[in-house]
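Survey of secondary and tertiary structure
Each chain, written out:
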Amino acid sequence: MFIISESQRTFTSFFIFGLLNNILYVIILSAAIDLVGPSTPKAIVLLSDVLPSFLIKLFAPFFIHRIPYLSRIYCLIGFSSFGMLLLSLSPNDVIFWKILGIALASLSSGMGEVSFLQLTHYFNEVDSIGGFSSGTGGAGLFGSFFFMIMTNLLGIPVWIVLLLCSVLPVGFVVTYFKLLPLPTHEYEMVDQEDEAVALDETVLEVKTPIEFVRHTMLEIKPLVLPYMVPLTTVYISEYVINQGISPTLLFPLDDLPHWLFSSYRDIYVVYGFLYQLGVFISRSSISFGIRIKHLYLLSVLQFINVLITLCQSIYDSPFSKIWLLLVLIFYEGLLGGASYVNTYKSVSEEVPRSKREFSMGSVSISDSLGIVLAGCINWWLEVRLCNLQVSRGRDWCMKGGSI
């Protein structure tokens, strides 16, 4: 009989948590054009898929510590499953219910990221953080690949695929009870039989709501510059590239291999796959002992990528062929994933244990904030870049389905 070690169980459990927490987000973005139609701006889907997650992360430091982990998991299952049911079963001509379904799935994703990052506090950091970050990276690959296989190759209707996905969140509670080992660090139990991890006893009780808010803000303040700002800026840069610039990074189809690029839409799909591949590899890197402690360096390097891709979009330079640009997109994914995993690893190493659980959840605000800000920028940027190309006689961006 094959027996896995406690370290392997921890890594695998948090990998599944990360995979399930992010995979619905990826599938929803993959189905954007099917959900709202070609005439509706896809930014509506992006913001609906990000804003609720951002808001729950923003306010979580003020209340999340009062909710036991097992109760949070049941909330995740309820929000995400009901959201996917709304997406799959609501009429195609009623956008409101689809947006509500996306928002519920996003709410679940935001609460899940806060909760599972906080839960890593009670386990070996390399196994738990490494597993969760690798799982979230894997969600990008597995989610987009699953959706492509089910719809493009097998021809299964999108609403049936989304309906099947509503069952996936049940994996949270199965993993929590059947696979996750007992914590390696001390914690308080709400129910010994259920193994529900409760509050960190170091959370201070304050007398009034105003004092509580003030105290919480003071606890967050030391996290802003060393961890939250570099992670936010990396996410702004990479999502500006992914959703604002890369839909305009196009080349003549006649110069490209037709087995890979049969339409301009295919170019954007390949960019997305290479980005997700880079994210998955770098988010898994911590498990192999690879560490980057200079977080602002990653921000600078990612911003340089923004400048390079902007030049490519506006001036068709420095790349005359697509191949080096594909390498750049892959590299962009590597930087983004490295920023994510190394930020949380730094928090686990540098923040005192008594404040670590709170800090892990608070820093998770950063990536969603970056995506929201990038979404606002892209609402204008993608159209502007496309119009500049059309004015030069290159109307390919109008044929790729992204405008």
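Here goes a summary of the coordinates provided. Everything numeric in this text was worked out from a predicted model, so none of it was measured. (Residues numbered from 1 in each chain as written. Predicted model: local features only at pLDDT ≥ 70, side-chain atom pairs only at ≥ 80, totals over all residues. Heavy atoms only, no water.)

Describing the packing of helix H4 (residues 69–89) against helix H7 (residues 158–165)
Defined as follows: Angles shown run from 0 to 180 degrees and are taken between the N-to-C directions of axes, each axis being a line fitted to C-alpha atoms and, for helices, limited to the stretch in contact. Helix numbering and strand numbering both begin at the N terminus, where a helix is a DSSP run of H or I of at least 4 residues and a strand a DSSP run of E of at least 2. Angles below 35 degrees are treated as roughly parallel, those above 145 as roughly antiparallel, those between 65 and 115 as roughly perpendicular, and all remaining angles as oblique. Each crossing gets its hand from how the near helix is turned against the far one by less than a right angle, where anticlockwise is left-handed and clockwise is right-handed. Throughout, a residue-residue contact means that at least one pair of heavy atoms, one from each residue, lies within 4.5 Å.
Axis separation between H4 and H7 bottoms out at 8 Å; the angle between their running directions is 165°. Here H4 lies roughly antiparallel to H7, going by the angle between them. The handedness of the crossing between H4 and H7 comes out as left-handed. Together, Met-84, Leu-85, Leu-87, Ser-88 and Leu-89 of H4 and Trp-159, Leu-162, Leu-163 and Cys-165 of H7 make up the contact between the two elements.

Digging into empty space enclosed by the protein
Rules: In this analysis a 1.4 Å probe is tested at points of a 1 Å grid over the protein atoms alone, and where it fits but cannot get out there is a cavity; an open set with protein on both sides within 12 Å along at least five of seven lines is a pocket; lining residues have an atom within 4 Å of a point. Grid points are joined across faces, edges and corners, and a volume is the space filled by probe spheres set on the points. Gly counts as polar in this scheme, as do all residues outside two lists: the nonpolar Ala, Val, Leu, Ile, Met, Phe, Trp, Tyr, Cys and Pro, and the charged Asp, Glu, Lys and Arg.
According to the stated counting rule, one finds 2 cavities of 30 Å³ or more in the structure shown. Size it by volume and the largest cavity reaches roughly 80 Å³. Along its surface, the largest cavity is lined by 13 residues, and Asn-21, Leu-24, Ala-105, Ser-108 and Ser-109 are the ones closest to its centre. Of the residues forming the lining of the largest cavity, the biggest block, 5 residues, is contributed by helix H1 (residues 6–30). For the lining of the largest cavity, the residue count by class is 7 nonpolar, 5 polar and 1 charged.

A few points about the side chain of Ser-134
Under the convention used in this document: Think of it in three bands: residues with accessible area under 20% of the maximum for their type are buried, residues over 50% are exposed, and the middle band is partly exposed, with areas taken using a 1.4 Å probe on protein chains only. Two N or O atoms count as a polar contact when they lie within 3.5 Å, although within protein this holds only if one can serve as hydrogen donor and the other as acceptor, and sequence-adjacent residues are included solely when both atoms are side-chain atoms.
For Ser-134, the position within the fold is in helix H6 (residues 125–153). Using a relative accessible area of 3% as the deciding quantity, one classes Ser-134 as buried. Engagement of the side chain of Ser-134 in a polar contact is seen with the side chain of Ser-284, the distance being 2.7 Å. Among all residues touching Ser-134, those that are not within four sequence positions of it are Phe-11, Phe-15, Phe-280, Arg-283 and Ser-284.

Observations concerning a nonpolar patch on the surface
The cut-off we apply is this: Residues enter a patch when their relative accessible area is above 30% and they make no salt bridge; the linking distance is 9 Å between like charges and 5 Å between nonpolar side chains (Val, Leu, Ile, Met, Phe, Trp, Tyr). Surface accessibility follows the Shrake-Rupley procedure with a 1.4 Å probe radius. Residue values consider only the protein chains on display as shielding. Basic side-chain nitrogens of Lys or Arg form a salt bridge, by our definition, when they fall within 4 Å of a carboxyl oxygen of Asp or Glu.
A cluster of nonpolar side chains, Phe-82, Leu-85, Leu-89 and Trp-159, forms an exposed patch at the surface whose accessible area comes to about 410 Å². With 3 residues, the single largest contributor to the nonpolar patch is H4.

A few points about the packing of helix H9 (residues 209–245) against helix H13 (residues 353–363)
The geometry of H9 relative to H13 is characterised by a closest axis approach of 9 Å and an angle of 55° between their N-to-C directions. Regarding the angle of H9 to H13, the classification is oblique. Once H9 is placed against H13, the crossing between them reads as right-handed. Contacts between H9 and H13 pair Thr-216, Glu-219, Ile-220, Leu-223, Tyr-227, Met-228 and Leu-231 from the former with Lys-355, Phe-358, Ser-359, Ser-362 and Val-363 from the latter. Here the contact of H9 with H13 is built from residues that sort into 7 nonpolar, 3 polar and 2 charged.

Here we look at the environment of Gly-131
As for its placement among the helices and strands, Gly-131 is situated in helix H6. Judged by its relative accessible area of 0%, Gly-131 falls in the buried class. Taking the C-alpha atoms as reference points, Gly-131 and Leu-19, separated by 112 residues in sequence, lie 9.5 Å from one another. In this structure Gly-131 touches Phe-11, Phe-14, Phe-15 and Val-126, once residues within four positions along its chain are discounted.

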